[in-house]
Amino acid sequence: MTAYDTITRTAAAAGTWTIGDQAVSRLGFGAMRLTGMPWDERPRDRGASIAVVRRAVELGVNHIDTAAFYFVATRSANEIIGAALTPFPDDVLIATKVGPSRGRSSAFEFEPYARPAQLREQVEENIRQLGVDALGLVNLRWGSGLEKEVGSVADHVGALLELRDAGLLRSIGVSNVSADQLAEANSIAPIASVQNRYGLTERADNEVLALARAHGVAFVPFFSMGSAVPHAVPGGAADVTGASVVADIAAAHGATPTQIRLAWTLHQGENVLAIPGTGDIRHLEENIAAGSIRLTDGDLAALDAIAPPA
Ligand SMILES: NC(=O)c1ccc[n+]([C@@H]2O[C@H](COP(=O)([O-])OP(=O)(O)OC[C@H]3O[C@@H](n4cnc5c(N)ncnc54)[C@H](OP(=O)(O)O)[C@@H]3O)[C@@H](O)[C@H]2O)c1
């Protein structure tokens, strides 16, 4: 049996972590690719993307990351998720992000970042697009230099806390934050998850990961396999660092290098989750199967020794 055996390999093999009030499989799904990207020639087929979301849930995924700003001219990730899953199963946690927003044009240009009082309309927009009564998890998607323009992380988390108390959301997370900002957020409200860029050859956020671990906060990296896929991240260089080490370990497990990158991510701690993104059902099944891979101590030592690119 290889890691491609998608009949018996479901997300359950990755184990679970509790985000806020909900236990979820550590192997989740990122919805950003469902629509196609703004720079793609044409949008993705809506029916095929709906099938991807349904297949993910069928295979045990119950943590789906999305955002109202994941759209192209004629497709919205939130709308696709709603169409695929309504009525939403109780055990599926939809995580969304607020803070940034985009205008109606399909260009990938962000509008001015939300001030705390504007978070309510962003939360309501997500509720409306998904077709739910309340959101499971809302991540404040932060960015550098925002404090001077729109207020602090604490101000924004305080506003989300009010929306939680008003019943519009259940749990609060943060994204793209430093360790200090995670601590600042956690002093205002219990932070259920932190979503930062992290992977085998992108380990700059080790300090945030350690803090999340110490506080029992889910660490949900994005692009944890993106760098493994040449040109997966437009504008990003194909990352070949450690490629031969990853390829050898992949061959030994009957897996792909991308699966090994995902497996390495999941081996970084019980609180570390994965949200690989795809609009391709074959890739989805492959990514979910990666949750079954058990790396040996020798594999981990070899992978850990790969020097991150300068
Ligand atoms: N908080 C933030 O600031 C932030 C930022 C970016 C993303 N995110 C979240 O993180 C999620 C993950 O990022 P992402 O969607 O860019 O995913 P990713 O994990 O970096 O990789 C996606 C790319 O890899 C390809 N791919 C996926 N599975 C593959 C496989 N098994 N083999 C070969 N290629 C594969 C996809 O193409 P196909 O679609 O053709 O498979 C796509 O081009 C997003 O969906 C989003 O939910 C959060």
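Residues numbered from 1 in each chain as written. Predicted model: local features only at pLDDT ≥ 70, side-chain atom pairs only at ≥ 80, totals over all residues. Heavy atoms only, no water.

A. Region of the structure containing the nonpolar core. Counting 83 residues, the largest nonpolar core has Ile64, Ile81, Val123 and Leu160 as its most contacted members. Sequence-distant contacts of Val123, defined by excluding residues within four places in its chain, comprise Val98, Leu135, Val138, Leu160, Leu163, Leu168 and Leu169. Judged by nonpolar contacts, the second largest core, of 12 residues, contains Leu137, Ala192, Val220 and Ile275. (Core = buried A, V, L, I, M, F, W, Y, C linked by side-chain atoms within 4.5 Å. Buried < 20%, exposed > 50% of the residue type's maximum accessible area, 1.4 Å probe, protein only. Contact = heavy atoms within 4.5 Å.)

B. Highlighting a nonpolar patch on the surface. A cluster of nonpolar side chains, contributed by Trp39, Phe108 and Phe110, occupies part of the molecular surface with about 310 Å² of accessible area. Within the secondary structure layout, Phe108 lies in the loop between strand 7 (93-98) and helix 3 (119-130). (Patch = residues over 30% accessible without salt bridge, like charges linked within 9 Å, V, L, I, M, F, W, Y side chains within 5 Å. Areas by Shrake-Rupley, 256 points an atom, 1.4 Å probe, with all protein chains shown as cover. Salt bridge = Lys/Arg side-chain N within 4 Å of Asp/Glu carboxyl O. Helix = DSSP H or I, 4+ residues; strand = E, 2+ residues; numbered from the N terminus.)

C. Region of the structure containing the side chain of Thr96. Position of Thr96 relative to the elements: it lies in strand 7. The buried category is assigned to Thr96, whose relative accessible area is 1%. Reaching out from Thr96, the side chain makes a polar contact with the backbone oxygen of Thr66 at a distance of 3.5 Å. Apart from the residues within four sequence positions on either side, Thr96 is in contact with Thr66, Ala67, Ala68, Asn126, Leu135, Leu137, Val138 and Asn139. (Polar contact = N/O pair within 3.5 Å; in protein donor to acceptor, adjacent residues only side chain to side chain.)

D. Fine view of the packing of helix 6 (residues 179-186) against helix 7 (residues 206-214). The contact between helix 6 and helix 7 brings their axes to 8 Å, and the two run at 30 degrees. Viewed along their axes, helix 6 and helix 7 adopt a mutual orientation that is roughly parallel. For the pair helix 6 and helix 7, the contacting residues are Ala179, Leu182 and Ala183 in the first and Glu207, Val208, Leu211 and Ala212 in the second. Looking at the contact of helix 6 with helix 7 residue by residue, the class counts come to six nonpolar, no polar and one charged. (Axes fitted to C-alpha atoms, helices over the stretch in contact; angles between N-to-C directions. Parallel < 35°, antiparallel > 145°, perpendicular 65-115°, else oblique. Nonpolar A, V, L, I, M, F, W, Y, C, P; charged D, E, K, R; others polar.)

E. Fine view of the packing of aromatic side chains. Tallied over the full model, the rule gives six aromatic pairs. For the pair Tyr198 and Phe219, a centre-to-centre distance of 5.4 Å together with 90 degrees between the ring planes defines the contact as edge-to-face. In this pair, Tyr198 is assigned in the loop between strand 10 (191-195) and helix 7 and Phe219 in strand 11 (residues 218-219), connecting sequence segments 21 residues apart. In this structure Tyr198 comes out as buried when scored by relative accessible area, which is 2%. A relative accessible area of 0% means that Phe219 is categorised as buried. Here the aromatic rings of Tyr198 and Trp264 are separated by 6.1 Å at their centres, their planes lie at 25 degrees, and the arrangement is stacked. (Phe/Tyr/Trp six-rings, centres within 6.5 Å; stacked < 30°, edge-to-face > 60°.)

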